[in-house]
Amino acid sequence: MTGKTFMVGQVADRLKLPFYKYSCSRDSSVHDLLGYKQPKSETYLETAFLNAYENGGVFLVDEYDAMSGDMALFFNGIADSSKFISIPHRDTKPQAVKHKDFYLVMCGNTWGKGSTDYSGRDFQDMALMDRFRFCRFHVGYHTELEKGLMGPHYSYAVKLRKGLEDLGSYLSTRNIEDISNLILSGVSFESITNRVTQDLTEEERSRIQTIMMKSNDEALIPGAKDKVIMYNGNPISLEDMIKRYPTSDVERLEKLKKSSLKLYKEYRYALASINIII
């Protein structure tokens, strides 16, 4: 939902290494990675994982938090400091040596502690999670990309996301791309909102509508209450700044920029902390 796979692919490109992806589920098997012999011909089938392990490459294990305990134990062995693994079904070369440019990356929607929000996400082996403790990276929303997709309608997405998150739901970057395409196709905002909220109760949909009816800056103020801008050693409430310089008032923002570029930059920085780009 946030472009994790694309990001890892870009890292592989920067490293000038091949990129491989394997998606996990509860039915995933170690044989998918180590290969196996065909029943009739006894021919051993190589795998993308072994190719990356022995020849170098970035290997992405996607949806790692959905894999079984057997798979977790296997990857725990891959992520340790050992330099080889056994390949029981490969008679000609029963041992694979780890290439110096082999990189293992795991992506998921949880930190391996299970979830009631994502189906099939199980509590993962803590020994495996410990291997990645100091190289974890949270991928959030790419607000600049989203603003580029939505253009002048970005405030609509901000308010819709806020309403959904207040209810424990979400609006992903992928959803925003879909919304942008619907807008370009002439679909009304009311229709889009109804589609996004169709699985909610009437009460929840009513709460969303209340937020959508607010002005852009009224919708931003709740997230700004605890934010403070320091200017010349004096604290200024972000809530007060939004009231004085509404994010939708281009003329007033330009006046602020001309009168005090430093304060304008601090204001932009503070707004970015609540996912608003001006």
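I will try to describe carefully the structure that is included in this document. None of the values given here were measured: they were computed from a predicted structure. (Residues numbered from 1 in each chain as written. Predicted model: local features only at pLDDT ≥ 70, side-chain atom pairs only at ≥ 80, totals over all residues. Heavy atoms only, no water.)

Turning to the overall build of the chain, a few remarks are in order. For the chain, the helix and strand inventory stands at 14 helices and nine strands. Here the chain holds 278 residues, and the buried ones make up 39% of them. In the chain, 65% of the contacts between residues at least 6 apart in sequence involve partners at least 24 apart. If you sum the accessible surface of the chain, you get close to 16500 Å²; carbon and sulfur atoms cover 51% of it. (Helix = DSSP H or I, 4+ residues; strand = E, 2+ residues; numbered from the N terminus. Buried < 20%, exposed > 50% of the residue type's maximum accessible area, 1.4 Å probe, protein only. Contact = heavy atoms within 4.5 Å. Areas by Shrake-Rupley, 256 points an atom, 1.4 Å probe, with all protein chains shown as cover.)

With that settled, the discussion passes to the packing of aromatic side chains. Within this structure, the stated rule accounts for seven aromatic pairs. For the pair Phe 49 and Phe 102, a centre-to-centre distance of 5.9 Å together with 90° between the ring planes defines the contact as edge-to-face. With Phe 49 in helix 3 (residues 48-55) and Phe 102 in strand 7 (residues 102-107), the pair connects residues that are 53 residues apart, well separated along the chain. Across the pair, Phe 102 and Phe 49 agree in class, each one buried. An aromatic cluster is built from Phe 49, Tyr 53, Phe 59, Phe 74, Phe 75 and Phe 102, whose rings are joined through pairwise contacts. (Phe/Tyr/Trp six-rings, centres within 6.5 Å; stacked < 30°, edge-to-face > 60°.)

It is worth spelling out the pairing of strand 9 (residues 234-237) at this point. Looking at chain direction, strand 8 (residues 228-231) and strand 9 are connected through four bridges and run antiparallel. Its bridge partner lying in strand 9, Ile 229 is registered against Ile 236. Linking strand 8 to strand 9, which pair antiparallel, is a turn of two residues; within it Asn 232 sits at a positive phi near 55°. (Pairing = 2+ DSSP bridges.)

Helix length check: helix 14 (residues 261-272), at twelve residues, gives a terminal C-alpha distance of 16 Å against a target of 16 Å (1.5 Å per residue), a fit within 8%. Along helix 14, the residues classified as buried are Leu 263, Tyr 264, Tyr 267, Ala 270 and Leu 271. The arc enclosing the buried residues of helix 14, seen along the axis, measures out at 125°, which places them on a common side. More than 90 degrees from the buried face of helix 14, the exposed residues found are Lys 265 and Tyr 269. (Expected span 1.5 Å × (residues − 1). Arc of directions from axis to C-beta.)

With that settled, consider the pattern of salt bridges. Across all of its chains, the model carries nine salt bridges by this definition. The partner of Glu 46 in a salt bridge is Arg 90, and the shortest N-O contact between them spans 3.6 Å. Within this pair, whereas Glu 46 is found in the loop between strand 3 (44-45) and helix 3, its partner Arg 90 is found in the loop between strand 5 (84-86) and strand 6 (95-97), the two being separated by 44 residues in sequence. Across the pair Asp 166 and Lys 162 runs a salt bridge, and its minimum N-O distance is 2.7 Å. With Asp 166 and Lys 162 both in helix 7 (residues 154-166) and four residues apart, this pair spans about one turn of that helix. Ionic contacts of the salt-bridge type, sharing partners, join the residues Glu 46, Glu 54, Arg 90 and Lys 93 into one network. (Salt bridge = Lys/Arg side-chain N within 4 Å of Asp/Glu carboxyl O.)

Here we have three strands laid out as an open sheet, ordered 1-4-7, and parallel in their pairing. A single partner strand is all that each edge strand has here, and the edge strands are strand 1 (19-23) and strand 7. In this sheet, neighbouring strand axes are inclined to one another by 20° on average, regardless of whether the strands run parallel or antiparallel. Contacts from helix 1 (residues 4-15) reach strand 1, strand 4 (57-62) and strand 7 within the one sheet, and its direction differs from that of strand 4 by about 170°. (Axes fitted to C-alpha atoms, helices over the stretch in contact; angles between N-to-C directions.)

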